[in-house]
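# Observations on the model geometry
If you want the building blocks of each chain, they are given just below.
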Amino acid sequence: LDILLPDTDGYAICAELRADPATGEVPVIFCSALDGTFDKVRGFAAGGVDYITKPFDAEELLARVATHVALRRARAQLQQQNEQLQQEIARRTRAESELARANVELRRLVAAEQRQRQTAESLREVTAVLTRSLDLETVLQLIFAELGRVVAYQGAAIFLADDRDLVLSRAVGFGEPYIDRRIPLDANDPAVAVFRRRQPRKIDDTSSCADWIDWYT
């Protein structure tokens, strides 16, 4: 790119090339009869990569052009490799995150399976005792013991049902006044509701549970 041009100069054209994204990376070599230091510095400041003074040697010019083209290709290749590296890092980061989530889920499933096995084993032991013995006290004590292996609790109660009532037979954590308490099977009572559903219910705090406050107090 020559510097001395009609109606403009090479510095301005070089600045325009640098400002355009389509040509911003194109190497610009100034070729001018101006050989002053100021002119050369201004050329580099405008974005030129080299400065050749006239008259110039053709072989030298071709060698410099070839060098800057090679440098430009090397920079483009390096930029492409960096982009590919960033993409690979992002891919591996996602894969590691997915693997971590999978490990957490696997640990959860293993823990759940272990609890199920423990519960099943406890039920088998209770069933075995029930089939071997008709001693109610032994059966109730075993139920409390096996329940403690499955669920951490501060209070638990065992009701036995007859034709009309639920009878509180054994309790842990409630105190003696509750023993032998009878609740009619047709009563609107949370214990009766659990009995009817035939499904266990775990309450973290009976003293603050709305439908158990009256029973507990």
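Bear in mind the structure is a predicted one, so any value in this text is a computation, not a measurement. (Residues numbered from 1 in each chain as written. Predicted model: local features only at pLDDT ≥ 70, side-chain atom pairs only at ≥ 80, totals over all residues. Heavy atoms only, no water.)

## What about the packing of aromatic side chains?
Under the criterion given, the structure shown has two aromatic pairs. For the pair Y11 and F30, a centre-to-centre distance of 5.7 Å together with 55 degrees between the ring planes defines the contact as tilted. Of this pair, Y11 sits in helix 1 (residues 10–19) while F30 sits in strand 3 (residues 29–32), and the two are 19 residues apart along the sequence. A relative accessible area of 6% means that Y11 is categorised as buried. With a centroid separation of 6.2 Å and 40 degrees between ring planes, the pair formed by F30 and Y51 is classed as tilted. With F30 in strand 3 and Y51 in strand 4 (residues 50–53), this residue pair connects regions lying 21 residues apart in the sequence. (Phe/Tyr/Trp six-rings, centres within 6.5 Å; stacked < 30°, edge-to-face > 60°. Helix = DSSP H or I, 4+ residues; strand = E, 2+ residues; numbered from the N terminus. Buried < 20%, exposed > 50% of the residue type's maximum accessible area, 1.4 Å probe, protein only.)

## Thoughts on the pairing of strand 3
Both faces of strand 3 are covered, namely the face carrying I29 and C31 and the face carrying F30 and S32. Here strand 3 pairs with strand 4 via four bridges, running parallel. Directly across from F30, in strand 4, lies its bridge partner Y51. Following the backbone out of strand 3, through helix 2 (residues 37–45) and into the adjacent parallel strand 4, one traces a crossover that is right-handed. (Pairing = 2+ DSSP bridges. Right-handed = clockwise from strand over helix to strand, strands pointing away.)

## Focus on the pattern of salt bridges
Pairing of side chains with opposite charge becomes possible as their charged atoms draw close. All told, the structure shown has nine salt bridges when counted by the stated rule. In this structure, E88 and R92 form a salt bridge, with 2.8 Å as the shortest nitrogen-oxygen distance. Here R92 and E88 lie together in helix 3 (residues 58–132), a separation of four residues that amounts to about one turn. In this structure, the salt-bridge partner of R182 is D165, at a minimum N-O distance of 3.0 Å. Placement of R182 in strand 7 (residues 182–184) and of D165 in strand 6 (residues 165–172) is noted, with a sequence separation of 17 residues between them. Residue R182 is classed as partly exposed on the basis of its relative accessible area of 44%. The buried category is assigned to D165, whose relative accessible area is 11%. Shared partners join several salt bridges into a network, and the residues in it are D50, E60 and R64. (Salt bridge = Lys/Arg side-chain N within 4 Å of Asp/Glu carboxyl O.)

Remember, this is a structural readout, not a statement about activity or role.
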